[in-house]
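Chain by chain, the residues run as shown.
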Amino acid sequence: MKKIRHYLTVGYWQLKLDALSSFQYFSFTIVWFFMIGIAMFSTFFVLKAILDRVGRINGWDFPQISFLIGLSFISHGFEDMFFLQNRYIEHRVLEGQFDQYLIRPLNVFFLFNTSNFNLVGFYDIFPGVIILIYACGQLQFPITAFHLFAMLVITVSGTFIRAAQLILTGSLAFWTKKSRVLEDTNLTLMDRTSSYPLTMYPKWFQLLFTFLLPLGFITFYPVRGLLHIAADTAFPVAPDLLLWAPLVALAYYLVARAVFNYGLNHKYESAGS
Amino acid sequence: MEAYRYLIKMKILVGFTYRFEVVMVILTRLVVMVASVYLWNSAYANVSELEGLTKSQMITYAVLAIILSSLFQTDVENAIGSGIRRGTIAVQFLRPMDVLSLHFCEDLGLMCTSLLLRCVPLLLCGLLLFHLSAPVSVSALLLFFISVTFSYLIIWLLSAITSMVTFWAMFLGQLGAVRIVVVNILSGMLIPVWFFPQVLQDILRFLPFQYTYQTPLGIYIGRIGLTDGLFQMGVQCFWIVFLFFVLKLVWKRAQRHLMVQGG
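Here the structure is a predicted model, which means the values were calculated and not measured. (Residues numbered from 1 in each chain as written. Chains lettered and ligands numbered in written order. Predicted model: local features only at pLDDT ≥ 70, side-chain atom pairs only at ≥ 80, totals over all residues. Heavy atoms only, no water.)

Trainee: Can you help me understand the overall build of chain A in this one?
Mentor: Tallying secondary structure elements over chain A gives 13 helices and two strands in all. Against the 2.2 N^0.38 benchmark of 19 Å for 273 residues, chain A shows a C-alpha radius of gyration of 19 Å, consistent with a compact globule. In terms of its C-alpha atoms, chain A occupies a principal-axis envelope of roughly 60 × 45 × 40 Å. Put simply, chain A has 273 residues, and 56% of those count as buried. Considering only contacts within chain A whose residues lie at least 6 apart along the sequence, 77% involve residues at least 24 apart. For chain A, the exposed area adds up to about 12,400 Å²; of that, 68% sits on carbon and sulfur atoms. (Helix = DSSP H or I, 4+ residues; strand = E, 2+ residues; numbered from the N terminus. Rg over C-alpha atoms; globule rule 2.2 N^0.38 Å. Buried < 20%, exposed > 50% of the residue type's maximum accessible area, 1.4 Å probe, protein only. Contact = heavy atoms within 4.5 Å. Areas by Shrake-Rupley, 256 points an atom, 1.4 Å probe, with all protein chains shown as cover.)

Trainee: Explanation requested: helix 13 (residues 244-267) of chain A in the structure shown.
Mentor: Relative to the 34 Å expected for 24 residues at 1.5 Å per residue, helix 13 of chain A spans 33 Å between its end C-alpha atoms, a close match to the ideal helical length. Those residues of helix 13 of chain A not exposed but buried are Ala-245, Val-248, Ala-249, Tyr-252, Tyr-253, Ala-256, Phe-260, Gly-263 and Leu-264 of chain A. (Expected span 1.5 Å × (residues − 1).)

Trainee: Where do I start with the nonpolar core in this structure?
Mentor: Soluble globular proteins tend to pack their nonpolar side chains together in the buried interior. Counting 163 residues, the largest nonpolar core has Ile-50, Phe-67, Phe-98 and Phe-260 of chain A together with Trp-40 of chain B as the members making the most contacts within it. Discounting chain neighbours no more than four positions away, the residues touching Trp-40 of chain B are Ile-50 of chain A together with Leu-50, Met-58, Ile-59, Ala-62, Ile-191, Pro-192 and Phe-195 of chain B. In terms of nonpolar packing, the next biggest core, distinct from the first, is built from five residues, Tyr-4, Met-97, Leu-102 and Cys-105 of chain B among them. (Core = buried A, V, L, I, M, F, W, Y, C linked by side-chain atoms within 4.5 Å.)

Trainee: Could you clarify how one ought to interpret the packing of helix 10 (residues 182-194) of chain A against helix 2 (residues 19-43) of chain B in this entry?
Mentor: Helix packing for two helices is described by the angle between their axes and how far apart those axes are. Put simply, helix 10 of chain A and helix 2 of chain B touch, their axes get as near as 8 Å, and they point 10 degrees apart. The pairing of helix 10 of chain A with helix 2 of chain B is recorded here as roughly parallel in orientation. In contact with Leu-182, Asp-184, Thr-185, Thr-188, Leu-189 and Arg-192 of chain A of helix 10 of chain A, helix 2 of chain B contributes Met-24, Leu-27, Thr-28, Val-31, Val-32 and Ala-35 of chain B. When its residues are assigned to classes, the contact of helix 10 of chain A with helix 2 of chain B shows seven nonpolar, three polar and two charged. (Axes fitted to C-alpha atoms, helices over the stretch in contact; angles between N-to-C directions. Parallel < 35°, antiparallel > 145°, perpendicular 65-115°, else oblique. Nonpolar A, V, L, I, M, F, W, Y, C, P; charged D, E, K, R; others polar.)

Trainee: Any chance you could explain the confidence of the model for chain A here in plain terms?
Mentor: Any region with low pLDDT has predicted coordinates that should not be read closely. Across chain A, the average pLDDT comes to 86, with 93% of residues at 70 or higher. Of all secondary-structure elements in chain A, the lowest mean pLDDT belongs to helix 1 (residues 2-22) of chain A, at 73, while helix 8 (residues 145-171) of chain A reaches the highest, 95. (pLDDT = per-residue confidence, 0-100.)

Trainee: Whenever I open this one, the packing of helix 4 (residues 76-86) of chain B against helix 7 (residues 138-163) of chain B confuses me. Can you help?
Mentor: Residues and elements named next belong to chain B. Two numbers describe how helix 4 lies on helix 7: the axes approach to 8 Å, and their chain directions differ by 20 degrees. Taken as axis vectors, helix 4 and helix 7 run roughly parallel relative to one another. Between helix 4 and helix 7 lies a crossing of right-handed hand. Between helix 4, through Val-76, Glu-77 and Ile-80, and helix 7, the contact on the second element is made entirely by Trp-156, Ser-159, Ala-160, Thr-162 and Ser-163. Counted by class, the contact of helix 4 with helix 7 contains four nonpolar, three polar and one charged residues. (Left-handed = near helix turned anticlockwise from the far one by under 90°.)

Trainee: Hey, could you run me through the layout of surface pockets in this one?
Mentor: One simple way to see leftover space: roll a probe sized like a water molecule over the atoms. Residue and element names in this part refer to chain B. In this model, the second largest pocket occupies a volume close to 500 Å³. Residue lining of the second largest pocket: 23 residues in total, with Leu-68, Leu-71, Leu-115, Phe-144 and Phe-145 positioned closest to the centre. Contributions of two or more residues to the lining of the second largest pocket are made by helix 3 (55-71), helix 6 (99-130) and helix 7. Top element by residues in the lining of the second largest pocket is helix 6. It accounts for eight residues. (1 Å grid on protein atoms, 1.4 Å probe; cavity = no way out; pocket = protein on both sides within 12 Å on 5 of 7 lines; lining within 4 Å. Points joined across faces, edges and corners; volume = space filled by probe spheres on them.)

Trainee: Just to check I follow, could you spell out the interface of chain A and chain B for this structure?
Mentor: Of the residues lining the interface, 28 residues belong to chain A; the matching set on chain B comes to 32 residues. In this assembly, chain A packs against chain B so that about 2,800 Å² is buried in total across both faces, 81% of it on carbon and sulfur atoms. Where chain A touches chain B, the interface holds one salt bridge. With a closest N to O distance of 2.7 Å, Arg-53 of chain A and Glu-51 of chain B form a salt bridge. Summed over the shared surface of chain A and chain B, the result is four residue pairs in polar contact (both at pLDDT 80 or more). Every element with two or more residues in the side of chain A that touches chain B is listed here: helix 2 (26-54) and helix 10 of chain A. Per-element accounting of the side of chain A that touches chain B gives the leading share, 14 residues, to helix 2 of chain A. (Buried area = accessible area lost by both parts, 1.4 Å probe. Salt bridge = Lys/Arg side-chain N within 4 Å of Asp/Glu carboxyl O. Polar contact = N/O pair within 3.5 Å; in protein donor to acceptor, adjacent residues only side chain to side chain.)

Trainee: Help me out: how do you make sense of the environment of Leu-110 of chain B in this one?
Mentor: Residue and element names in this part refer to chain B. Examined against the element boundaries, Leu-110 turns out to sit in helix 6. You can call Leu-110 partly exposed: its relative accessible area is 23%. Placed 38 residues apart in sequence, Leu-110 and Phe-72 show a C-alpha to C-alpha distance of 9.2 Å. Apart from residues lying up to four places away in sequence, Leu-110 is in contact with Lys-11, Gln-73, Thr-74 and Asp-75.

Trainee: How do you make sense of unusual backbone geometry when you look at a structure like this?
Mentor: For residues that are not glycine, phi is negative in most cases, and the peptide bond is trans in most cases. In this structure, His-228 of chain A takes a positive phi of about 55 degrees despite not being glycine. His-228 of chain A sits in the exposed class, given a relative accessible area of 72%. Even without being a glycine, His-131 of chain B presents a positive backbone phi close to 45 degrees. The exposed category is assigned to His-131 of chain B, whose relative accessible area is 63%.

Trainee: I would appreciate a short explanation of the packing of aromatic side chains in the present structure.
Mentor: Each aromatic ring pair is characterised by the separation of its centres together with the angle its planes make. Applying the stated criterion across every chain yields a total of 46 aromatic pairs over all chains. Judged by centre distance (6.1 Å) and plane angle (70 degrees), the ring pair of Phe-122 of chain A and Tyr-123 of chain A falls under edge-to-face. With a relative accessible area of 38%, Phe-122 of chain A lands in the partly exposed category. In this structure an aromatic cluster arises from ring pairing among Phe-83, Phe-98, Tyr-101, Phe-109, Phe-112, Phe-160, Phe-174, Tyr-253, Phe-260 and Tyr-268 of chain A. Directly above the ring of Trp-194 of chain B sits Arg-223 of chain B, whose terminal nitrogen or CZ lies 4.3 Å from the centroid. (Phe/Tyr/Trp six-rings, centres within 6.5 Å; stacked < 30°, edge-to-face > 60°. Lys NZ or Arg CZ within 6 Å of the ring centre and 35° of its normal.)

Trainee: Honestly, the pattern of salt bridges in this entry has me stumped. Any pointers?
Mentor: A side chain with one charge can pair with a side chain of the opposite charge if their charged atoms come near. Scanning the model with the defined rule gives eight salt bridges over all chains in all. Here Glu-79 of chain A makes a salt bridge to Arg-87 of chain A, at a shortest N to O gap of 3.2 Å. For the pair shown, Glu-79 of chain A and Arg-87 of chain A are each scored as buried. The partner of Asp-202 of chain B in a salt bridge is Arg-205 of chain B, with the nearest N and O atoms 3.3 Å apart. Overall, the relative accessible area of 30% leaves Asp-202 of chain B in the partly exposed class. Exposure remark for Arg-205 of chain B: the relative accessible area of 41% places this residue in the partly exposed category. Residues joined by salt bridges that share partners form a network here, namely Glu-79, Asp-80 and Arg-87 of chain A.

What follows is the structure, given as structure tokens:
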């Protein structure tokens, strides 16, 4: 218990200091706010322009897709807020910066994953919440304790699946010394599989992002289950069950943690100065 | 002239150095391309035409838009921004060449690299995977290439004008990214402007954005006829001249605001 309290205190102070430093560059964050807002609403706008004309895409109407986009942006925002440092593992490996964590009497994975608080992540959450509120209104989505809990579960699970994906690809730097170049591909993949219905892609693509890289669980499967949208994929198990999202997130995160720890303990060379 | 040619050549050589990065950029653009094509495939599941475009035309438009976005690479915002922040802009002023021309040549080199290392592989993928339509005629293909050149000039001038903010604000932050996002939306890169509400279409006719992507792409797929295409290329020329003079004007004033630090 004492150990957990100690870890929580360390995490809290790391995050607080990062938040305070973010506010020092006010004009920088304001420009970010507008850039992210415009970029995110453009995805929403493109889909609206198409769905206004065709009604549905693979059985999903515009409010349902908006629900998907809203939750996708929110989990993207939380991932950016707490796990951004995983995109820069390459830099830390090349500069030997993990040494500063290794000499501390705390778990390195925990320390590293609480070592950054990125205020800009909030700017992703903001448009996501607006779009989600719009979708809920259009769908007349019942706001009950269960439904709020379900949205919370999807958000947290989605955040951890995204984080796991970043940790996995970032950890490649322990072996290859290069991982940063994968991050744009990573982000594009996560956005394109969580903001659009996965069923619009070919079967092999759906299988890949369900069983190998479970990005379909960031939003697509749990939202399809929550909104009772007819499933047009025939997998042996129904991936739409809400329970799958946190289980998949936990498993994927643990795999990512194991890969990170293995890379750090066996391949990290403390290079740099 | 020799110095400017050397700058272009150096930028091309640098571009060829980072091969792994190039592969990953192509992969990322390919993901965007696949997502876009399947989105339009699904949209056309029950209709044969949208805004006068057939499925084949729309997919060709979407794929070529992604390829063009890889071609229209500019670094002038970053280069001037970091030059001012680090003080190295002072050295650029000491060189026996015009600073803006220097950055233009570097960006031309960047574009040549993008053409070879990004656009050609992406075009091959597009042709193999999505069976892109051929241009409606040889004249349309010719006009397409000329129009793409004009589009690049408009985009470069817009980037250079945005970079001038650094002379007053010292730090551009993500303003360059804002410019890219705004251009992508209003130019028809993400979705043709023909899908926009009529009021917005009327407004955009008087702004330079739609002439960067929609004009060349519309000419290629035949949605814009040759006569209209020539007219729109005339409008592109107008914007090039107009933005050039705006840049010259702002550049003149910007130099008076130059405050060198660092370096």
